[in-house]
Amino acid sequence: MVGARPRIFIPLIFVSLALTAWCQGFDEPAHALAQKIAAVLKTREPVMFTFASVAPVSPSDAAAAQDAMERQLPGAGIGTNPQAGISVALTISENLRDWVWVAEIHRGDAREGVMEEWPKPEEPANAGLVVIEKLRMLERDSRILDFAPLGRDLLVLDAESISLYENSSGAWQRKLGVRVPVARSLPRDLRGRLFVQGDVYQAYLPGLTCNGNAARGLGITCRDEALWPLGSNARAVSMPTRNSFEQFVLPDGLQKRIPAFFSAAGFSDHGHAAWLFAGTDGRMHLYNAAFEPGASWGGWGSDVAAVETECGSRTLLLATAAGDSTAPDSVQAYELKEGAPRPAGDPVAFPGPVTALWSGSERGAAVAVSRDLKSGRYAAFRLAIPCSR
Amino acid sequence: MRRFAWRFLAAASLISLAWRAAAESRPHYGGTLVVELHDSLTLTDPGEWPLRLVPLVYDGLVRLDDRGEPQPALAISWQHDASNKRWEFHLRPHAMFHDGSPVTAAAVVACLKDWTNVAAAGDGTLVFQAETPAPDLPVRLASARGAILMRGADGATIGTGPFRITEWQPGKRALLGAYEGYWGGRPFVDFVDVHMGRAYRDQAIDLELGKADLVEIPIGDARRTAQQAVRTWTTVPSELLALLFERGHGVTEDAHLREAVALSIDRSAIRNVLLQGQGDSTGAILPGWLSGYAFLFPSARDLDRARQIASALPKPALRISLAYDLADSLSRPVAERIALNAREAGVTIQTAPGAQATVRLVKYPLRSLDPAQVLAEMGGVLHADSQPGAATPEALLAYERKLLEDFRLVPLFYLPEVYGLSSRVRNWDPQPWGDWRLDDVWLEARTP
């Protein structure tokens, strides 16, 4: 028992030292600003002190800044009194380079501002630059499997049909629809894909491949075929009665048998393909260009998509969160660094489960479909990762 | 243990494979990037150009990074004395103007002759000797005013930037060719073809038809454009939309009338409806992201106070005219909404396109990241009888308050710029406030 104490104390000492350094970090600008306030006040009258923050600082940092200021004011000869006639309003703000501590001193109708600039901490390289912009494209009651822009219109695939929506005054209106001729029952957790090139489209449902033409009233023909496009000219063999895939078909037609998976993301922008599979075993599996298995990890959801960003040749992986269809979901961007996935930026939240997540047809974007847990409606989103904000 | 090592090696090989592969996916050289602009530029003087275009052709001694920190450009290093009055800049060796002549200290001094007390100290060193402390001198030198250029025999400007002016049709077209001798390396694209005076609608059509790669999108169209899955990019809010009460008009010489109008404006509603939530409402000249204190300038509507002030004014004084730019699709609805707001306060505003009016709706693009310089320029617009003093935040705040205290200028919004990009534009990584950095951009080959 006695021997355990140092193990407790050592972390406490470190925490204490860290807190001291942290608070001292705020004491410096607070001290300098208090001196400036004192120089303006000239008298030793008490002031009414208020605090606000308009900068993106955490509540704990804001509280620490306020504490630091309240500690430093007496040292500068400034007392505080909530009923005082002179007010000092401290606001934590920011400019391009620095945090800015702004104190506005009101004395009757007169007001004067003093400021202290304090360098923002350096952000680690690339951190915070990745932002997933979520743009709601379409919302409706029935399930959306996939969607794709067709000129100024939007083509939408669901379990029974393919519909063409046109944008009218900012709202999407269904203009045309065609039934998908399916003569058998489809899996409960249905997946579907839609690709558009010019007026021609291809639609995929498990075990079914359809071709159509938007210029000909969406005319559609389908055939039984289990090949499912994965991007980069690679395909998978879909299981017509399941929601997963087996076998991987390389662009040259060579088939590779791999454990069943829900989704796959190809790193096709680097010349050599690397693949990440969301296995039905709940783990992610990485394969190299020679299709040799590499790293594997858990904790992600069942859907993964690769997005080549618009700047540089940086490819990010988007993945849903682990969980089930009863909970709100999120999509997180990851980078692979030193053999391990690392979150890039903050996850983007959805009001329900993400039922589809696919790499988009346009560079720098993916598409997602989510079911709102409250309304039960499905919403299609374009997820874009811009170079900069 | 062996299993672990194998897995690690497998993962590491994948990463190295990715890196090797990345090295093979190098940017492509060649192609012409077509840019369309609404405005027409008649002169090649960088002082007449939008901030985003200047770095294409002209370098300064320093440039600013994404945090606004000075970084080497034509100067590779600099130092100052303890008082911040004496600054030494050391020039980059082997930098050349577009005509092949070397960038010497003498040439730079000749270019910066408007700057006080700058002299060459040897061939590669410049010395600035200021009368007052100038801690922000590098930031000031990074502005368009600090662009280094010389003039040829025909008076044409010659820069040192990544592109040189190959063809110049005033107000219509500028063809900028990649400068092979650029110190930062030749740009990837062969040409940047700038078409000027293009209507926004024509720009959108050209982007859709693949005739343009980079176009301007009016802020009112930004959301609809994004919904059409057009690739867009938005700057930080960097253009001030404001009301300017002209001098010399008897009616608006009454500061109380100007104050009544200013207090009547419902910026929040205008931003939500007409600007579709874009931009920032402001009561300040400097954007908050630059000064850090813009929140000290109130921008909320105070209709009761506006009515109170207006009610004390003589009736004839309550009729004014407001001019807006007909070519700007946003100006008219904003002007009309301001007129509507003012009417609720008892002031009648008649809106009309053009420039002749007692009040104008004006736009001021941010032309520098030096707050003192921005305020000094605005001081010139407002005929202020002084310049900002020392570049301390307190002095700038006091000066900005002084500029705005008589309501001659009523800041309304800081607006971002929105651009549409073609899908073949790669490495698009501009600075948040607008420097396009087109020297890093490359073009994907068009598929037939």
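Now for a look at the structure at hand. Throughout, a residue's number is its position along its own chain's written sequence, starting from 1. Both sets of labels track the order of writing: A upward for chains, 1 upward for ligands. In keeping with the model being predicted, local features are shown solely for residues with a pLDDT of at least 70 and side-chain atom pairs are shown and tallied solely at 80 or more, while totals for entire chains, interfaces and linings include all residues.

Turning our attention to the sheet that holds strand 2 (residues 86-94) of chain A. Pairing in this open sheet of four strands is mixed, and the strands run 1-2-3-4 (chain A) from one edge to the other. At either end of the open sheet lies a strand with only one pairing partner, and these are strand 1 (47-53) and strand 4 (110-119) of chain A. Across the sheet, the mean angle separating the axes of adjacent strands is 15° when strand polarity is ignored. Any pair of residues counts as being in contact when their C-beta atoms, constructed from backbone geometry, are within 7 Å of one another. Only the stretch in contact is used when fitting a helix axis, every axis being a line fitted to C-alpha atoms; angles between N-to-C directions are given from 0 to 180 degrees. Runs of H or I in DSSP of at least four residues are treated as helices and runs of E of at least two as strands, each being numbered from the N terminus. Against the sheet, helix 13 (residues 393-404) of chain B touches strand 3 (98-107) and strand 4 of chain A, its axis set at about 140° to strand 4 of chain A. Should DSSP find at least two bridges between two strands, the strands are taken to pair.

Attention now goes to the sheet that holds strand 5 (residues 86-91) of chain B. As a general point, the strands of a sheet are linked pairwise by backbone hydrogen bonds and lie either parallel or antiparallel. Residue and element names in this part refer to chain B. One open sheet holds the four strands; their spatial order is 4-5-7-6, and the pairing between them is antiparallel. Each edge of the open sheet is held by one strand with a lone partner, namely strand 4 (75-80) and strand 6 (118-120). On average, each strand axis in the sheet is tilted by 20° relative to the strand beside it, whichever way the strands run.

Residues and elements named next belong to chain A. Every C-beta atom is placed from the backbone, and the number of other C-beta atoms within 10 Å of a residue's own sets its class: buried at 20 or more, exposed at 12 or fewer, partly exposed in between. Within strand 28 (residues 365-371), seven of the seven residues are buried, leaving the element largely enclosed by the surrounding structure. Here strand 28 shows a buried face lined by Ala365, Val367, Val369 and Arg371 and a second buried face lined by Ala366, Ala368 and Ser370. Both strand 27 (residues 354-359) and strand 28 contribute to a ladder of five bridges, which runs antiparallel. From the neighbouring strand, Leu357 faces strand 28, where its bridge partner is Ala368. Here strand 27 folds back onto strand 28 in antiparallel fashion, the turn holding five residues, of which Gly364 has a positive phi close to 85°.

Residue and element names in this part refer to chain B. All of the buried residues in helix 5 (residues 200-208) are Gln203, Ala204 and Leu207. End-on view of helix 5: buried residues confined to an arc of 100°, all on one side of the axis. Against the buried residues of helix 5 lie strand 1 (32-36), strand 13 (214-217) and strand 21 (418-421). Just beyond helix 5, the residue with positive phi is Gly210, at close to 80°. Throughout, the arc means that of the directions going from the helix axis to the C-beta atoms.

With that settled, consider the nonpolar core. Among buried residues, those of type Ala, Val, Leu, Ile, Met, Phe, Trp, Tyr and Cys that are joined through C-beta atoms within 7 Å form a set called a nonpolar core. Core analysis: the largest hydrophobic core is formed by 142 residues, its most contacted members being A:Trp101, B:Leu33, B:Val192, B:Ala260, B:Leu322 and B:Val347. In terms of residue count, strand 20 (residues 409-415) of chain B provides more of this core than any other element does, six residues in total. Contacts of B:Ala260, omitting those with residues within four sequence positions, involve B:Ala306, B:Ile309, B:Ala310, B:Ala345 and B:Val347. The next biggest cluster of nonpolar side chains, apart from the first, holds 75 residues, and it includes A:Ile144, A:Tyr201, A:Ala214 and A:Ala306.

Residue and element names in this part refer to chain B. In this sheet, strand 11 (residues 173-178) lies alongside strand 10 (residues 163-169) in antiparallel orientation, the contact comprising six bridges. If you follow Glu167 over to strand 11, its bridge partner there is Leu175. Linking strand 10 back to strand 11 in an antiparallel pair, the connection comprises three residues, with Gly171 at a positive phi of about 75°.

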